[in-house]
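Breakdown of the fold
Residue-level listing of the chains:
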Amino acid sequence: MTEEVPVKFTDLLLLGVVSLGGGILIASLILTPTLSTQFISVIFLGTMLLAFFLFIPVLGVRLFLEERNDESE
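In this text the structure is predicted, and so the values were computed from the model without any measurement. (Residues numbered from 1 in each chain as written. Predicted model: local features only at pLDDT ≥ 70, side-chain atom pairs only at ≥ 80, totals over all residues. Heavy atoms only, no water.)

Details of the overall build of the protein
As a reminder, the rule being used: Runs of H or I in DSSP of at least four residues are treated as helices and runs of E of at least two as strands, each being numbered from the N terminus. Based on C-alpha atoms, the radius of gyration is set beside the globule rule, defined as 2.2 Å times the residue count to the power 0.38. Buried means the residue's accessible area, taken with a 1.4 Å probe over protein chains only, is under 20% of the maximum for its type, while exposed means over 50%, and partly exposed covers the values in between. Contacts: residue pairs with any heavy atoms within 4.5 Å of one another.
Within the protein, the regular secondary structure consists of two helices and zero strands. Taking 2.2 N^0.38 as the reference for a compact globule, 73 residues should give roughly 11 Å; the C-alpha atoms of the protein span a radius of gyration of 16 Å, well beyond that estimate. Taking the principal axes of its C-alpha atoms as reference, the protein extends roughly 50 × 25 × 20 Å. When burial is assessed residue by residue, the protein has 19% of its 73 residues classed as buried. In the protein, 62% of the contacts between residues at least 6 apart in sequence involve partners at least 24 apart.

Observations regarding helix α2 (residues 37-72)
Counted only if it meets this: Any helix carries an expected span of 1.5 Å times its number of residues minus one.
With 36 residues, α2 extends 50 Å from end C-alpha to end C-alpha; this agrees with the ideal 52 Å at 1.5 Å per step. Within the span of α2, buried status applies to F39, V42, I43, G46, T47, V58, L59 and R62. Along its buried surface, α2 packs onto α1 (9-30).

Some thoughts on α1
Threshold: For this quantity, the arc is that covered by the directions from the helix axis to the C-beta atoms.
For α1, built from 22 residues, the straight-helix expectation of 32 Å at 1.5 Å per residue is met to within 8% by its first-to-last C-alpha distance of 31 Å. Residues of α1 that are buried include every one of D11, L15, S19, G22, G23 and A27, and no others. For α1, the buried positions fall inside an angular range of 135° around the axis, keeping them on one side. What points out from α1, more than 90 degrees from its buried face, is the exposed set F9, T10, V17 and L25. Those residues of α1 that are buried lie in contact with α2.

Thoughts on the packing of α1 against α2
For any two helices packed against each other, one specifies the inter-axial angle together with the distance between the axes. Filter applied, for reference: In this analysis an axis means a line fitted to C-alpha atoms, helices contributing only their contacting stretch, and an angle means the value between N-to-C directions, from 0 to 180 degrees. In these notes the angle categories are as follows: under 35 degrees is roughly parallel, over 145 is roughly antiparallel, 65 to 115 is roughly perpendicular, and the rest is oblique. Less than a right angle of anticlockwise turn of the near helix away from the far helix marks a crossing as left-handed, whereas a clockwise turn marks it as right-handed. Polar here means any residue other than Ala, Val, Leu, Ile, Met, Phe, Trp, Tyr, Cys and Pro, which are nonpolar, and Asp, Glu, Lys and Arg, which are charged; Gly is therefore polar.
One can describe the packing of α1 onto α2 by two numbers: an axis separation of 6 Å at closest approach and a directional angle of 140°. On the basis of the axis angle, α1 is oblique to α2. The handedness of the crossing between α1 and α2 is right-handed. Looking at side-chain class alone, the contact of α1 with α2 contains 18 nonpolar, six polar and two charged residues.

With respect to the side chain of S19
When you line up the elements, S19 lands in helix α1. If we ignore the near neighbours within four places in the chain, the residues touching S19 are T47, L50 and A51.

Okay, structure coming up:
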């Protein structure tokens, strides 16, 4: 299993959008949404947590969709 998986810009963009949205959702569930440094730091924490755990699933979904498109052609 020495295949390299290329990381594309769209993968990172999708990961960033999903992680940021999830980070805002996590922060809203934990704290009252206000413009404060504590709320912003919780958004950042949730975003980094989701980005860490969702990196491989996002790449896996992209590879699955590419493989399915290649098989149908």
